[in-house]
Amino acid sequence: MADVFGNGSKSVSPIDDVLHQAEVTILGVGNVILRDEGFGVRVMEYLASHYDWPDNVQLVDGGTLGIELTQYVTGTEKLLVIDSINGHAEPGTRFRLHNDAVMEHFQDKLSAHEVGIQDVLALLTVTGHKIPEVVVIGAQPYDLEAGVELSEGMQKLLPEMADQALQELAGWGIHPTPKKDAGDMDYTRVAESIKNSNNPCLPL
C-alpha cells in the first residue's frame, strides 16, 4: 500500500487509490451505548445480518466516527445514512432528508456524529469528491439514557426503517438477497463486527 502520509520512499498517491470505494455505501451512525442514539447502527446491523449484498455495495458501522468516515465514503456514488435524528418531533417520528436538505439539517449541530457527517460531506465537496446522491433516513429517539439496548418503541421501528432503507436502495437498482438463516437481532452487542460472504460490516 502506498504511504498516504508521505513519510516513506514512495510518493503520495491520489486519494482515489488509497481509500475504500464502493458504488453504494450504507452507513449506520450513532452511539450504541446511549440506547436509541445507536438506532442507525442497529438498522445497519439488521440489514447486514438479514441480506446478502452485491459486490458494489458496502455496509459501514460508522458509530461516532467523525472525519475518519471520509475513507469509507470517498468515491461512492450513492450514500444512504441511517441515524437517530433529533427533528424536535414526537418520539418515533420518521425522517427522510435528500441531498441539499441533508446539509441544512446537519447545520443544526445536534450530536458529535452528525457534526462528523457534515464535515465529511463538506470536505468531499471542496476536494472535488462530492457524492452525487445522499439520502439520510432515521427516526426521533425515545430514550437517550445510558444503555446498549434500544427502547421498545425503537425496536418496533427497526424493521420498518430497514424496509424504508430497502426501498431507497431499490430506487438505486440495489436488490439484496434475503438470507434463509438470519437469526434474531441482539440489541445488547456493542462493538462486534458483522460479516457476510461479500461485504464486511466495517467495524469501528
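All figures in this text were calculated on a predicted structure; none of them were measured in a lab. (Residues numbered from 1 in each chain as written. Predicted model: local features only at pLDDT ≥ 70, side-chain atom pairs only at ≥ 80, totals over all residues. Heavy atoms only, no water.)

### Observations concerning a nonpolar patch on the surface
Put simply, the rule reads: The patches reported here contain residues having more than 30% relative accessible area and no salt bridge. Joining distances are 9 Å for like charges and 5 Å for nonpolar side chains (Val, Leu, Ile, Met, Phe, Trp, Tyr). The Shrake-Rupley method, run with a 1.4 Å probe sphere, supplies the accessible areas, and residue values consider only the shown protein chains as cover. For this analysis, a salt bridge means a side-chain nitrogen from Lys or Arg found within 4 Å of a carboxyl oxygen belonging to Asp or Glu. Runs of H or I in DSSP of at least four residues are treated as helices and runs of E of at least two as strands, each being numbered from the N terminus. Three labels apply to residues, based on accessible area from a 1.4 Å probe with only protein chains included: buried if under 20% of the type maximum, exposed if over 50%, partly exposed otherwise in between.
A cluster of nonpolar side chains, contributed by Ile67, Leu123 and Val126, occupies part of the molecular surface with about 270 Å² of accessible area. Summarising the element assignment, Val126 is placed in helix 5 (residues 112-126). You can call Val126 exposed: its relative accessible area is 69%.

### Some words on the packing of helix 2 (residues 39-50) against helix 6 (residues 152-171)
To be explicit about the condition: In this analysis an axis means a line fitted to C-alpha atoms, helices contributing only their contacting stretch, and an angle means the value between N-to-C directions, from 0 to 180 degrees. Note on terminology: angles under 35 degrees are roughly parallel, angles over 145 are roughly antiparallel, angles of 65 to 115 are roughly perpendicular, and the others are oblique. Less than a right angle of anticlockwise turn of the near helix away from the far helix marks a crossing as left-handed, whereas a clockwise turn marks it as right-handed. Residue contacts are counted whenever heavy atoms from the two residues lie within 4.5 Å of one another. Side-chain classes are defined by residue name, with Ala, Val, Leu, Ile, Met, Phe, Trp, Tyr, Cys and Pro counting as nonpolar, Asp, Glu, Lys and Arg as charged, and the others, Gly among them, as polar.
Following both chains from N to C, one finds helix 2 and helix 6 inclined at 60°, their axes separated by 9 Å at the closest point. By the angle between their directions, the pair helix 2 and helix 6 is classed as oblique. Considering the relative orientation of helix 2 and helix 6, their crossing is right-handed. In contact with Phe39, Arg42, Val43, Tyr46 and Leu47 of helix 2, helix 6 contributes Met154, Leu157, Leu158, Pro159, Met161, Ala162, Ala165 and Leu166. A per-class count over the contact of helix 2 with helix 6 returns twelve nonpolar, no polar and one charged.

### Description of helix 6
Test applied: Residue count minus one, scaled by 1.5 Å, sets the expected span of a helix. To get the bend at a given residue, fit one axis to the seven residues ending there, fit another to the seven starting there, and take the angle between those axes.
Taking 1.5 Å of rise per residue, 20 residues should cover 28 Å, and helix 6 covers 30 Å from first to last C-alpha, within 8% of that figure. In helix 6, a bend of some 35° at Leu158 exceeds every other bend along the element, and Pro159, a proline, comes one to four places later. Regarding helix 6, the residues found buried are Met154, Leu157, Leu158, Met161, Ala162, Gln164, Ala165, Leu166, Glu168 and Leu169. In this fold, the buried residues of helix 6 make contact with strand 1 (24-29), helix 2, strand 2 (51-52), strand 4 (78-84), strand 5 (94-98) and strand 6 (133-139). Once helix 6 finishes, Gly173 follows within two positions and takes phi at roughly 80°, a positive value.

### Describing the pattern of salt bridges
Counted by the stated rule, this structure contains six salt bridges. Its salt-bridge partner being Lys179, residue Asp52 comes within 3.9 Å of it at the nearest N-O pair. Separated by 127 residues along the polypeptide, Asp52 in strand 2 and Lys179 in the loop between strand 7 (177-178) and strand 8 (201-202) bring together distant segments of the chain. Overall, Asp52 belongs to the partly exposed group, its relative accessible area being 27%. With a shortest N-O distance of 3.5 Å, Glu152 and Lys156 are connected by a salt bridge. Pair noted here: Glu152 and Lys156 are both in helix 6, with a separation of four residues, about one helical turn. Neither residue differs from the other here; Glu152 and Lys156 are each classed as exposed.

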